[in-house]
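The chain contents come next:
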Amino acid sequence: MVPLRPGDSSHDNEYNEDPEAFAKRCEEEYGSMFNIHLFGSPYTVVSEPYIREVCTSGAFSHLEAFDESSQVIEVFMTATMEFGQLIDINTPHSKWHTLALRFHHKSLYNPLRKHLQVLIDASMPVILERRRLEALASEAGVEWERPNDILQHLLDDADKYEFVDLEDVCAHILILIIISVHTTADAANSMLYYMAAFPHSMDKLFEEQQQILNDIQPINDHLDPAHDRDLPVAAVKKMVHLDSFIREMFRFRIEPLSVTVNQRALKDYIFSNGVKIPKGAKVIINTRSGHTGPEVGEDATEFRPWRFVDKPKAAVKVGPDFLPFGLGRHACPGRFMAIMEIKIIGALIVTKFFKIEMQDPSKTKMALHARLGEPIPNGLKLFIR
Ligand code: HEM
């Protein structure tokens, strides 16, 4: 265990003061694996070159790392419902009502019900049609080609997830929607702060997109470059500087010891260097060691927006040197959509605004390293083209 500072009962204080410096110091003093006590749990920190082993050996699970996972999900659901209740001004709001919500997720007072109902109404005819097709295929003695989507996966695994009705299935989908929107919005928000902190990037990104769009739809007297042009997906895919900017933003902003990619050992595991991890142990990946390793190139501790231009490192490509979406079998399947969304937001921002400014430049570092979902106490001013 990395020794604690006098007066500290865990490594929380030391880590929170300067996460980067703490991770770097521990790695330098204790090597690529060391034990710490962070955020209420003991963790083994695993650094390069052993990150791939954690993510791909099958001996660890990210999901299992939330040992109180049912509690976490419960709290998440309750908080989401209470939030929904707060914004629904027509719903009576009292302590008793909140308690009722907590114990009766399915009660009529649940303000998320109306969103759930939309999903139920939309999915019911789809499910009925699928059942009809499945029955027809069975009658004809051929195998029904199961749709490869989240709805079908959840229906097929209904027993495993202990769903009792369609409402359970739709509640699951609703949570997935909330989480995926939140992570994407959080990253898009970060991107604006990076554009403000590195203002010259905006000029390059605008130049790139104008060149690409001109090839598709040349400017004429009736077309205003900042406001009128279509933004085809094919054009966004060609924006390699934008892609590089976004990958670099993700690389740079990740927390050095991020619990968003922590893991739990599913069985006793012996690393290739002989270190033993017992079943049940919690592991944090030292993203700093991967994200600043030799693969990243020069000045790895600096933000270099065009670092990945002309390199086989698209923003969706995961690896030990790029972990915001995890790695291995369970790497985020939504990243293709998320990156495309963030790129479209980025492209629209540089089309419409020529400059973004931090209201308080002294808080720039804090804004660039804000943790997932953490509010950034620094407003932005956007200047229209
Ligand atoms: C910037 C946005 C996003 C970030 C940073 C992000 C990050 C992550 C991370 C770190 C994981 C865990 C990977 C692991 O277990 O090793 C994950 C899993 C997952 N993500 Fe995302 N995600 C994002 C957007 C999305 C979107 C938009 C969707 C859906 C449309 C999505 C769906 C999922 C699903 C279904 C899993 C579970 C995969 C599995 O366990 O096999 N994510 N994501």
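Residues numbered from 1 in each chain as written. Predicted model: local features only at pLDDT ≥ 70, side-chain atom pairs only at ≥ 80, totals over all residues. Heavy atoms only, no water.

An unreviewed UniProt entry annotates the chain as Cytochrome P450 of Lobosporangium transversale. According to its UniProt record, the chain has this under Cofactor (unreviewed entry): "heme". (UniProt positions renumbered as here; feature names shortened; annotations may be inferred.)

(A) Quick look at the site of the ligand. Around the ligand, 17 residues are found, and the nearest of them are His62, Ser180, Pro324, His330 and Cys332. Listed by contribution, the elements that provide at least two residues to the shell around the ligand are helix 9 (166–197) and helix 14 (335–352). The element contributing the most residues to the shell around the ligand is helix 9, with four residues. (Near = heavy atom within 4 Å. Helix = DSSP H or I, 4+ residues; strand = E, 2+ residues; numbered from the N terminus.)

(B) Representation of the confidence of the model for the chain within the structure. Here the chain averages 87 in pLDDT, while 85% of its residues score no lower than 70. Counted against residues more than four places away or in other chains, residues 87–104, with its pLDDT under 50, gives 24 contacts. (pLDDT = per-residue confidence, 0-100. Contact = heavy atoms within 4.5 Å.)

(C) Just the coordination of the iron atom of the ligand, in detail. Here the protein supplies the iron atom of the ligand with just one donor, Cys332 (SG), and that contact is 2.3 Å long. Following the sequence through the fold, Cys332 ends up in the loop between helix 13 (287–291) and helix 14. (Donors = N, O, S within 2.8 Å, 3.2 Å for Na, K, Ca; no water.)

(D) Up close: the pattern of salt bridges. Counting across every chain of the model gives 23 salt bridges. As a salt-bridge pair, Lys24 and Glu28 come within 3.4 Å of each other at their nearest N and O atoms. Here Lys24 and its partner Glu28 are both found in helix 2 (residues 19–30), four residues apart, which amounts to about one turn of the helix. Overlapping salt bridges, with partners in common, bring together Arg247, Glu295, Lys313 and Asp321 in one network. (Salt bridge = Lys/Arg side-chain N within 4 Å of Asp/Glu carboxyl O.)

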